[in-house]
Amino acid sequence: MTQAKKLKSIAAPKGVPDYLPPQSPIFLGVRDSFAHQAHLAGYEHIELPVFEETSLFARGVGESTDVVSKEMYTFADRGDRSVTLRPEGTAGVMRAVIEHHLDRGQLPVKLSYYGPFFRYERPQAGRYRQLQQVGVEAIGVDDPYLDAEVIALADASLRSIGLESYRLELTSLGDATCRPAYREKLQEFLFKLPLDEETKQRASINPLRVLDDKRPEVREMTAEAPLMVDHLSPETQAHFETVTGVLDDLGVQYTLNPRLVRGLDYYTKSTFEFVHDGLGAQSGIGGGGRYDGLMAQLGGQELSGIGYALGVDRCMLALEAEGKQPFDASRVDVFGVAMGEDAKRMLMPLIAELRAVGIRADISFGNRGLKGAMKGADRAGARFALVVGEEELANAQVAVKNLRAHEQQHVATEQLVQHLRAALA
Ligand code: HAM
């Protein structure tokens, strides 16, 4: 007899995480807490397509960014249209707002979203090719109080899952009234430096990015470079002062970082990033800012917006770095253990009743014996095991074992739901 050849197994694509139990409840906990905070502040959910026409990101995010020039998952579909797996959410939200005329109603339009995004980056700890974000966008009002609200909301979201060891870095990137003149001034400065070819190239396309160069020799050369915050127009200066003033009122702590540069091109005025101390190189757990020209750039009205996205994957790593586990990773509240078929017959409807009133309940399947079944109850993280053997069957009772306190009590079947509701409350 020939033996069937064992087929090679298949692994997930490189840089794409699986979140399995017991990590998956933490994933959901982080994502849902962030979404809930946005909901509390009046943001409505928007479910966006996972892929869009490629030109949306080229025009929206900026062709000179790494995200667009090096990291997009772009392919021709079967109709030969160029489509791209979304690398971020802001451009898609703007596209939807323009397409469905949401900007003609009450302003600001406040929308939140979550889900996977795709960037062909070099995978490492905290840097994935499929990453998860929760984001918000508030569109149509250029009010510094809104900037402060958005920043404070991101901060409240991070606090809501218990994170503490992070800092908020903040700056103003100016706007059309002052950035062009500053850009020229910065280029004038940079072009005088003995920079390598690639950096020179960057200085001519996006000079701000040179200020973010991490190499010590470039840092040294640019130590005296002119900074945007010293060249803001009186309006953007006043805007920024109001933002920081309101953040002070709200008790949100921040550090001013005039060299803060984001990886996406659309930012103007208030721009920020949340940086966690326990994550090594990939320390950005969230970021965002105002974007004045984006809507017009995508064919819409001249309306400004502001938003952020928090990285769910990195926030999970940050929780781990802080030694915090704020979410219940148990699978069920109660676990049924039936000794024999008659006992199973009796227990199944009781388990169904418990589920119907919102108690998470499972039951042991297969004929595992008491010891094996009790192990199953433990592994499921159950607080109570419901054991039914011959004696319980005869008396129409269930032995309710408290698995934390190691106590046991017999409860009549008709009182079981009520009893467990009280015990679990
Ligand atoms: P972003 O800074 O590119 O901003 O991404 C936001 C967050 O997503 C980052 O701070 C990081 O936590 C997470 N993230 C980004 N790339 C990766 C990766 N390769 N692996 C793991 N996590 C990652 C945006 O995407 C903007 N759309 C935010 C925004 C909204 N600005 C205005 N509105």
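Each chain has its residues counted from 1, following the order in which its sequence is written. This being a predicted model, a pLDDT of at least 70 is required before a residue's local features are given, and a value of 80 or more before pairs of side-chain atoms are given or counted; all residues contribute to the totals for chains, interfaces and linings. Excluded from the side-chain calculations are hydrogens and water; all other atoms, namely the structure's heavy atoms, are used.

The next subject is the domain arrangement of the chain. In this document the domain limits rely on a domain assignment from an automatic tool or a database. Under the domain assignment, the chain is made up of domain 1 (24–178 + 232–321) and domain 2 (334–424). Look at where the C-alpha atoms of domain 1 and domain 2 centre, and you get two points 47 Å apart.

Turning to the sheet that holds strand β5 (residues 109–118), a few remarks are in order. Paired strands, in this sense, are two strands between which DSSP finds at least two bridges. Segments assigned H or I by DSSP are reported as helices when at least four residues long, segments assigned E as strands when at least two residues long, and all are numbered from the N terminus. Taken in spatial order, the eight strands of this open sheet run β1-β5-β6-β11-β10-β9-β7-β8, and their pairing is mixed. The strands lining the two open edges of the sheet, one partner per strand, are β1 (44–45) and β8 (255–256). Where strand β7 (residues 166–172) meets β8, two bridges bridge the pair, whose relative direction is parallel. Bridged to Glu-169 within β8 is Thr-255. The contact definition used throughout considers only heavy atoms, calling two residues in contact when any of these lie within 4.5 Å. As a rule, the C-alpha atoms of each element are fitted with a line to give its axis, helices using only the stretch in contact, and angles between N-to-C directions run from 0 to 180 degrees. Where helix α1 (residues 24–40) meets the sheet, it contacts β5, β6 (130–139) and β11 (305–311), and its direction lies at approximately 5° from that of β6.

Let's shift gears to the packing of aromatic side chains. Pairing of aromatic side chains here covers Phe, Tyr and the six-membered ring of Trp, requires ring centres within 6.5 Å, and sorts the geometry by plane angle: under 30 degrees stacked, over 60 edge-to-face, intermediate tilted. Using the criterion set out here, one finds seven aromatic pairs in the structure. Here the aromatic residues Tyr-166, Phe-272 and Phe-274 are joined through ring pairs into a cluster of three or more. Above the ring of Phe-117, the side-chain terminus of Arg-86 is found at 4.3 Å from the ring centroid. We call a charge positioned above a ring when the Lys NZ or Arg CZ atom is no farther than 6 Å from the ring centre and deviates by at most 35 degrees from the ring normal. Above the face of the Tyr-120 ring, Arg-129 is positioned so that its terminal group lies 3.8 Å from the ring centre.

Proximity is defined per residue: if any heavy atom of the residue lies within 4 Å of a molecule or strand, that residue is considered near it. In the vicinity of the ligand lie 27 residues, with Glu-88, Glu-121, Arg-262, Tyr-267 and Gly-284 positioned nearest. Any pair of N or O atoms that falls within 3.5 Å is considered a polar contact. Within protein, one atom must be able to donate a hydrogen and the other to accept it, and sequence-neighbouring residues count only if both atoms are side-chain atoms. With respect to the ligand, the side chain of Thr-90 contributes an N or O atom lying 2.9 Å from a nitrogen atom. The contact in question runs from a nitrogen atom of the ligand to an N or O atom on the backbone of Gly-307, over 3.5 Å. When the free accessible area of the ligand is taken as 660 Å², the share hidden by the protein chains comes to 96%. When contributions to the shell around the ligand are tallied by element, the ones reaching two or more residues are β6, β10 (284–291) and β11. Broken down by element, the residue count for the shell around the ligand peaks at seven residues, all from β10. Residues are grouped as follows: Ala, Val, Leu, Ile, Met, Phe, Trp, Tyr, Cys and Pro are nonpolar; Asp, Glu, Lys and Arg are charged; every other residue, Gly included, is polar. For the shell around the ligand, the residue count by class is ten nonpolar, ten polar and seven charged. For the accessible areas, the method is Shrake-Rupley and the probe is 1.4 Å, while residue cover comes only from the protein chains on display.

Once that is clear, we can look at the UniProt feature "binding site: L-histidine" (unreviewed entry) in the chain. UniProt records the feature "binding site: L-histidine" (unreviewed entry) at Glu-88, Gly-89, Thr-90, Arg-119, Gln-133, Glu-137, Arg-262, Tyr-266 and Tyr-267, using the numbering of this structure. Of the annotated positions named here, the second largest pocket is lined by Arg-262 and Tyr-267. With respect to the helices, strands and loops of the structure, Thr-90 is situated in helix α4 (residues 90–99). Thr-90 has contacts with Tyr-113, Glu-137, Tyr-266, Tyr-291 and Leu-294, leaving out every residue within four places of it along the chain. Take Glu-137: it is sitting in strand β6. Given a relative accessible area of 0%, Glu-137 falls into the buried group. UniProt positions are given in the numbering used here, feature names are shortened, and annotations may be inferred rather than shown by experiment. Lining residues are those with an atom within 4 Å of a point, where the points come from a 1 Å grid over the protein atoms alone and group into cavities, where a 1.4 Å probe fits but cannot get out, or pockets, open sets with protein on both sides within 12 Å along at least five of seven lines. Between buried and exposed lies partly exposed: a residue is buried under 20% and exposed over 50% of the maximum accessible area for its type, with that area taken using a 1.4 Å probe on protein chains only.

Take the nonpolar core next. Val-93 and Ile-139 are the most contacted members of the largest nonpolar core, which has 45 residues in total. Broken down by secondary-structure element, the contributors of at least two residues to this core are α2 (54–61), α3 (66–69), α4, β5, β6, α6 (179–191), α8 (207–210) and α11 (294–297). With residues near it in sequence (within four places) discarded, Val-93 still touches Ile-46, Leu-48, Leu-111, Tyr-113, Glu-137 and Ile-139. What is meant by a nonpolar core is a set of buried Ala, Val, Leu, Ile, Met, Phe, Trp, Tyr and Cys residues, joined one to another through side-chain atoms within 4.5 Å. By size, the runner-up hydrophobic cluster in this structure holds 40 residues, among which are Tyr-166, Val-243, Ile-285 and Leu-310.

What follows concerns the pattern of salt bridges. Salt bridges, as used here, are contacts in which a Lys or Arg side-chain nitrogen is within 4 Å of a carboxyl oxygen on Asp or Glu. In this structure the tally under the stated criterion is 27 salt bridges. Its salt-bridge partner being Asp-142, residue Lys-269 comes within 2.9 Å of it at the nearest N-O pair. Of the two residues, Lys-269 sits in strand β9 (residues 268–276) while Asp-142 sits in the loop between β6 and α5 (144–160), which places them 127 residues apart along the sequence. Residue Asp-142 is classed as partly exposed on the basis of its relative accessible area of 40%. Of the charged contacts, one joins Arg-215 and Asp-213 as a salt bridge, the two residues approaching to 2.8 Å between their closest N and O atoms. When its relative accessible area of 32% is taken as the criterion, Arg-215 is described as partly exposed. Connected through salt bridges with shared partners, the residues Asp-142, Asp-147, Asp-175, Lys-269, Arg-290 and Asp-292 form a single ionic network.

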